[in-house]
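Notes for the structure review
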Amino acid sequence: MAKGAGSSGGDWTAGIVAIVAALLLGGALPIGLYFGLYMPKEKERLDAVKKLDQLNIDMEMMLARGERVRGLEEDGSQMEERVKEIETPFALGDAEKLDVPDVRATLLRLAEKHQLALRPERQQQLGAEVVFTGGDRITFEKGLHATKLQIEAKARFHDFGRFVTEMETLEQFVIIPESLVCTGDANGGNDHVFIMVVYVVERRDVDAIGR
């Protein structure tokens, strides 16, 4: 009986140990799987979420910059149109020849209209004209240029006055008088000699300014 009881107690103890071992091993396996498999995946997921958030932020910044660029381009186009409009009355100059041909031709027509003649000293010169290039070109701030023209004529005072008035009121050109010298007729006649220097404001290259 004692032996049987002892055997029964040993089996019971062994059974308890087996159950506890099974429980421990059974619980350890899912825990191992959790830490070994799930946790790294969770970290990858969190990293991916952070990257996605950052990409969204970067995309919003790029879109905002794009909007600003488009706004600047639109402002630039509007400014270009304004500059073109403002500079419409400025002349097209020839920088190499220091000339503004259209203005000079217009002033020659005005000189003929108001009966301005060549100075006596120039009447024998081949190709002499009342209006000619002055051989100078000056630069203002903001890139503006002006080319010099010289006007030398014999005329009655009132005729020359009408010439100057019409010259200064030309809508297609901006002409700035710099100096005027007037010499009366030594013989007491009505003709005077006028020497006048003007500067013609040139139109800028708007496309170059835009770049």
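Below is a short write-up of the structure. (Residues numbered from 1 in each chain as written. Predicted model: local features only at pLDDT ≥ 70, side-chain atom pairs only at ≥ 80, totals over all residues. Heavy atoms only, no water.)

**Here's the deal with the overall build of the protein**
When its secondary structure is counted, the protein shows four helices and four strands. Listed by position from the N terminus, the elements making up the protein come as α-α-β-β-α-β-β-α. Scored against the burial criterion, the 211 residues of the protein give a buried share of 22%. (Helix = DSSP H or I, 4+ residues; strand = E, 2+ residues; numbered from the N terminus. Buried < 20%, exposed > 50% of the residue type's maximum accessible area, 1.4 Å probe, protein only.)

**Here's the deal with helix α2 (residues 101-113)**
Working note: α-helix, 3.6 residues per turn, so residues spaced by three or four point in the same direction. In this model α2 runs 18 Å from its N-terminal to its C-terminal C-alpha over 13 residues, within 8% of the 18 Å that 1.5 Å per residue would give. Taken together, the buried positions of α2 are Val103, Arg104, Thr106, Leu107, Leu110 and Ala111. An end-on view of α2 places all buried positions within 160 degrees of arc, on one side of the element. In α2, the exposed residues that point more than 90 degrees away from the buried face are Arg109, Glu112 and Lys113. On the buried face of α2, the contacting elements are β1 (131-139), β2 (145-156), α3 (157-168), β3 (175-183) and β4 (191-201). Phi turns positive one or two residues past the end of α2, at Gln115, with a value near 65 degrees. (Expected span 1.5 Å × (residues − 1). Arc of directions from axis to C-beta. Contact = heavy atoms within 4.5 Å.)

**Digging into the nonpolar core**
Within the largest apolar cluster, 24 residues are counted, with the highest numbers of intra-cluster contacts made by Val103, Leu107, Ile151, Phe160, Phe163, Met167 and Ile175. Only α2, β2, α3 and β4 provide two or more residues apiece to this core. Apart from the residues lying within four places of it in its own chain, the contact partners of Met167 are Leu107, Leu110, Ile151, Ile175, Pro177, Met196 and Val198. (Core = buried A, V, L, I, M, F, W, Y, C linked by side-chain atoms within 4.5 Å.)

**Section: the pairing of β2**
A large share of β2 lies buried, amounting to nine of its twelve residues. The sheet contact formed by β1 and β2 spans six bridges and is antiparallel. Each bridged residue has a counterpart across the sheet, and for Val131 the counterpart in β2 is Ile151. (Pairing = 2+ DSSP bridges.)

**Focus: the side chain of Asp159**
Summarising the element assignment, Asp159 is placed in helix α3. Among residues more than four places away in sequence, those in contact with Asp159 are His114, Gln115 and Leu116.

**Points about the packing of aromatic side chains**
One pass over the structure, following the stated rule, counts three aromatic pairs. Ring centres 5.8 Å apart and planes at 40 degrees place the aromatic pair Phe160 and Phe163 in the tilted group. Taken as a pair, Phe160 and Phe163 lie in helix α3 at a separation of three residues, close to a single helical turn. For Phe160, a relative accessible area of 3% puts it in the buried group. The buried category is assigned to Phe163, whose relative accessible area is 0%. Centre to centre, the rings of Phe160 and Phe194 are 4.0 Å apart; their planes meet at 0 degrees, and the pair counts as stacked. Highlighted residues: Phe160 in helix α3 and Phe194 in strand β4, separated in sequence by 34 residues. Owing to a relative accessible area of 2%, Phe194 belongs among the buried residues under this scheme. Taken together, the ring pairs in this structure connect Phe157, Phe160, Phe163 and Phe194 into an aromatic cluster. (Phe/Tyr/Trp six-rings, centres within 6.5 Å; stacked < 30°, edge-to-face > 60°.)

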